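A structural walkthrough
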Amino acid sequence: MAVRFTGNFATDGVWDRARRQLRAVDRAANESDARWHLWQQPDWARLEPLPQDELVSPLLEKLAAVPRTDVVVTGTHTGSSGGATALLGTAEPGAGPEDMTHWPADDVRAWSARHPARRFTLAVTVALGKDLSRPGRIVEILVHELAAHAEPLADFLRVEDEVPGLGVLATEAERHRRLHTGTPRYQLLGACYLEQFPQEGNGPEFSDRAVTDTAADAGPPSNVVRLTPERHRRYGES
């Protein structure tokens, strides 16, 4: 089923624009991405996935195809900004959800084995104060949560559904460390967004947040980052 966007994404025009912009740039990796030098290129002739990640399908399409799993993205206004991704499990229809976000893999497997009618939810929350609610910032938080957290969790659930015991479930801290060394999906979506939406309020706002969200050289490539001269000086760039 499709990824479901709720909260501000369904009621606020700015948030809905961010949702539509994300869909516009969400795509599989292709040969043209070599110009960004983000990662070692795959063997396109054999259609092999990238060694660091599976970028052979768009992210939202991939998330929507995970068995027994719903993906719900909620936008909310708050005094602080950021995002969160939770893994919830429902044992059977009508039962309340259990928060498995910090469970080890073996506990998730044991729970799954006890509940053949189980269903999972990847609950993603994007929070921004009203004065910061511009499409670029919303999209950056979305890309962070979906690429750095929801996709690895979805990969674990998909593998476990196919071959129980083989899924790899990284902790939140491990997923953040990977983001700071370069998550290919985050880098690809960021590059596509900056290239397609360079206008003020879009690309520059994405860049502003990406600078503080990722370590050096872990965000979108410098040749598509469009910052104003003032912003370049603010971050010590020439």
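Higher on the page you've got the structure.
Residues numbered from 1 in each chain as written. Predicted model: local features only at pLDDT ≥ 70, side-chain atom pairs only at ≥ 80, totals over all residues. Heavy atoms only, no water.

Right, let's get into the environment of P93. With respect to the helices and strands, the residue P93 is situated in the loop between β3 (82-90) and β4 (97-99). A residue is classified by how much of its surface remains accessible, and P93, at 75% relative accessible area, is exposed. Here the alpha-carbon distance between P93 and A117, two residues 24 residues apart in the chain, equals 7.7 Å. (Helix = DSSP H or I, 4+ residues; strand = E, 2+ residues; numbered from the N terminus. Buried < 20%, exposed > 50% of the residue type's maximum accessible area, 1.4 Å probe, protein only.)

So, about the nonpolar core. In terms of nonpolar packing, the biggest core is built from 54 residues, with V73, L142 and L146 touching the most fellow members. Of all elements in the fold, only α2 (13-25), α3 (59-64), β2 (69-77), α4 (105-114), β5 (119-128), α5 (135-162), α7 (184-196) and α8 (203-213) reach the threshold of two or more residues within this core. The element contributing the most residues to this core is α5, with 13 residues. Ignoring any residue separated from it by four or fewer positions in sequence, one finds V73 in contact with V3, R4, F5, T6, F9, V124, V126, L142 and L146. (Core = buried A, V, L, I, M, F, W, Y, C linked by side-chain atoms within 4.5 Å. Contact = heavy atoms within 4.5 Å.)

Structurally, A117 can be placed in the loop between α4 and β5. As for A117 and T90, which are separated by 27 residues in sequence, their C-alpha atoms are 8.5 Å apart. Aside from chain neighbours lying at most four places away, what touches A117 is T90, A91, E92 and P93.

Here we take up α2. Counted at 1.5 Å a residue, the expected span for α2 with its 13 residues is 18 Å, and the 19 Å between its end C-alpha atoms agrees. Buried within α2 we find W15, A18, R19, Q21, L22 and V25. For α2, the angular spread of buried residues about the axis comes to 160°, placing them on one side. At the N-terminal end of α2, a side-chain oxygen is found 2.8 Å from the backbone nitrogen of V14, two or three residues along, and the residue is D12. (Expected span 1.5 Å × (residues − 1). Arc of directions from axis to C-beta. Polar contact = N/O pair within 3.5 Å; in protein donor to acceptor, adjacent residues only side chain to side chain.)

These results come straight from atomic positions and should not be treated as a statement about function.
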